[in-house]
Amino acid sequence: MAEKLPSSGSLPDGQVAGCDTSGMILVHRIFRWLYRELPLLVRDVRAGDVERAEVVGIYAKLDFFALHLHHHTEDTVLWDRLAARDPGCAAHVELMRAQHAEVASQLTRIEPQLAPWVETADAGRRDAFAGDIEFLRDTLLVHLGREEDDILPVAGAVMSQKEWDELEAHTRATLMARRKEFPRDVMSLQLGLLLASVPEGERDAWYHANVPAPIRLLYLLLLKRRYASAMRELYPDRPVPSMF
């Protein structure tokens, strides 16, 4: 169960209502891209090609973890505050909770299929696995759209910027705590995907406005190269598909 933060109908002392929720649009753009691409990558693995199945499987595991983490963060930081702060949003919050539960149920069915497929690259397992991911993709697309329409405007109006920033802080702390569980650098993937989610003409300004200078330096020295290597691994024979 998600750990619950104290919720209140009042803003904390010294904080004012109003926050910038636009970063969530970028996160949603990444999830739309990840779950559009993942079933295609799975279906492209030839029967018996366990080496390629292992590569795709690494990123599938990361995609599943990212979705769990994103929803856990919202469950922990967001829903109780919104329902307390704006009772008119309570019905939307309950829908979000229900949709999170449905996504979790689908992941419970999907995730145990990963290891058996990776170990065998069996065509039947591949197609069943990809089909269930496609079903999850369609569920997720509906959920993300409703969240953008019904939740983000309310959050932007009733939460402080400090409260909203707790979502990113919770995500970052969890990623740092669990980064050694994964065979790929999740920090480079996170920042690389965020940059890819910003339209090219706006990317440089967004990068300098939102990424601290020490992280920009680390990205230039190391993380950018690691992200490019990961994308070459995923797409060895073609350009990386755009998020737009």
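Keep in mind the model is a prediction, meaning the values are calculated, not measured. (Residues numbered from 1 in each chain as written. Predicted model: local features only at pLDDT ≥ 70, side-chain atom pairs only at ≥ 80, totals over all residues. Heavy atoms only, no water.)

## Considerations on the overall build of the chain
A tally of helices and strands in the chain yields ten helices and zero strands. Taking 244 residues into account, the globule formula puts the C-alpha radius of gyration at 18 Å, and the chain, at 19 Å, falls close to it. The dimensions of the chain, computed from C-alpha atoms along their principal axes, are 60 × 40 × 30 Å. Expressed as a percentage of the 244 residues in the chain, the buried residues total 45%. Restricting the contact set of the chain to residue pairs at least 6 apart, pairs at least 24 apart contribute 85%. Put simply, the chain shows about 12,300 Å² of open surface, and 57% of that area lies on carbon and sulfur atoms. A distance of 5 Å separates the average location of the 29 positive side-chain charges in the chain from that of its 37 negative side-chain charges. (Helix = DSSP H or I, 4+ residues; strand = E, 2+ residues; numbered from the N terminus. Rg over C-alpha atoms; globule rule 2.2 N^0.38 Å. Buried < 20%, exposed > 50% of the residue type's maximum accessible area, 1.4 Å probe, protein only. Contact = heavy atoms within 4.5 Å. Areas by Shrake-Rupley, 256 points an atom, 1.4 Å probe, with all protein chains shown as cover. Lys, Arg positive; Asp, Glu negative; His and termini not counted. Charge placed at Lys NZ, Arg CZ, Asp CG, Glu CD.)

## Considerations on the UniProt feature "domain: Hemerythrin-like" (unreviewed entry) in the chain
UniProt tags residues 27–154 as "domain: Hemerythrin-like" (unreviewed entry). Within the segment residues 27–154, helix and strand shares are 88% and 0% respectively, and the terminal C-alpha atoms sit 18 Å apart. (UniProt positions renumbered as here; feature names shortened; annotations may be inferred.)

## Looking at the side chain of S188
Its place among the elements puts S188 in helix α8 (residues 186–196). Reaching out from S188, the side chain makes a polar contact with the backbone oxygen of D185 at a distance of 2.9 Å. Among all residues touching S188, those that are not within four sequence positions of it are L223, R226 and Y227. (Polar contact = N/O pair within 3.5 Å; in protein donor to acceptor, adjacent residues only side chain to side chain.)

## Here's the deal with the domain arrangement of the chain
Interfaces are often sized by the amount of accessible area the parts lose when they come together. Each domain of the chain was delimited in the assignment, giving domain 1 (21–182) and domain 2 (184–243). Across the domain 1 to domain 2 interface the summed buried area is about 1,900 Å²; carbon plus sulfur atoms make up 67%. Inspection of the domain 1/domain 2 interface yields zero salt bridges. Seen at the junction of domain 1 and domain 2, the total is nine residue pairs in polar contact (both at pLDDT 80 or more). The set of elements that each furnish at least two residues to the side of domain 1 that touches domain 2 consists of α1 (22–43), α2 (50–77) and α7 (161–178). It is α1 that contributes the most residues to the side of domain 1 that touches domain 2, eight residues altogether. (Domains from an automatic or database assignment. Buried area = accessible area lost by both parts, 1.4 Å probe. Salt bridge = Lys/Arg side-chain N within 4 Å of Asp/Glu carboxyl O.)

## Some remarks on unusual backbone geometry
Here the phi dihedral of A121 falls at roughly 50 degrees; this positive angle occurs in a residue that is not glycine. You can see A121 is positioned in the loop between α5 (114–120) and α6 (123–158).

## Section: the packing of α2 against helix α10 (residues 213–234)
Taken N-terminus to C-terminus, the directions of α2 and α10 make an angle of 130 degrees; their axes are 10 Å apart at the nearest point. If you check the angle between α2 and α10, you find them oblique. The crossing of α2 and α10 is left-handed. Counted together, R52, V55 and Y59 of α2 and A230, E233 and L234 of α10 form the full contact between these two elements. When grouped by side-chain class, the residues that make up the contact of α2 with α10 number four nonpolar, no polar and two charged. (Axes fitted to C-alpha atoms, helices over the stretch in contact; angles between N-to-C directions. Parallel < 35°, antiparallel > 145°, perpendicular 65-115°, else oblique. Left-handed = near helix turned anticlockwise from the far one by under 90°. Nonpolar A, V, L, I, M, F, W, Y, C, P; charged D, E, K, R; others polar.)

## Side note on the environment of Q190
Locating Q190 in the fold gives a position in helix α8. The partly exposed category is assigned to Q190, whose relative accessible area is 33%. Spatially, the C-alpha atom of Q190 lies 8.8 Å from that of Y227, the residues being 37 residues apart in sequence. Those residues within four positions of Q190 in sequence are excluded, and the remaining contacts are T171 and L175.

## Here we look at the nonpolar core
Y35, F64 and W117 are the most contacted members of the largest nonpolar core, which has 54 residues in total. Those elements giving two or more residues to this core turn out to be α1, α2, α4 (90–110), α5, α6, α8, α9 (200–210) and α10. Here this core takes eleven residues from α2, the largest share from any one element. Formed jointly, this core draws a minimum of three residues from each of two domains, domain 1 (21–182) and domain 2 (184–243). The residues contacting F64, other than those within four sequence positions of it, are Y35, L38, L107, I110, E111, L114, F129 and I133. Core analysis: the next-biggest nonpolar cluster, separate from the first, contains 17 residues, L78, L82, I151 and V154 among them. (Core = buried A, V, L, I, M, F, W, Y, C linked by side-chain atoms within 4.5 Å.)

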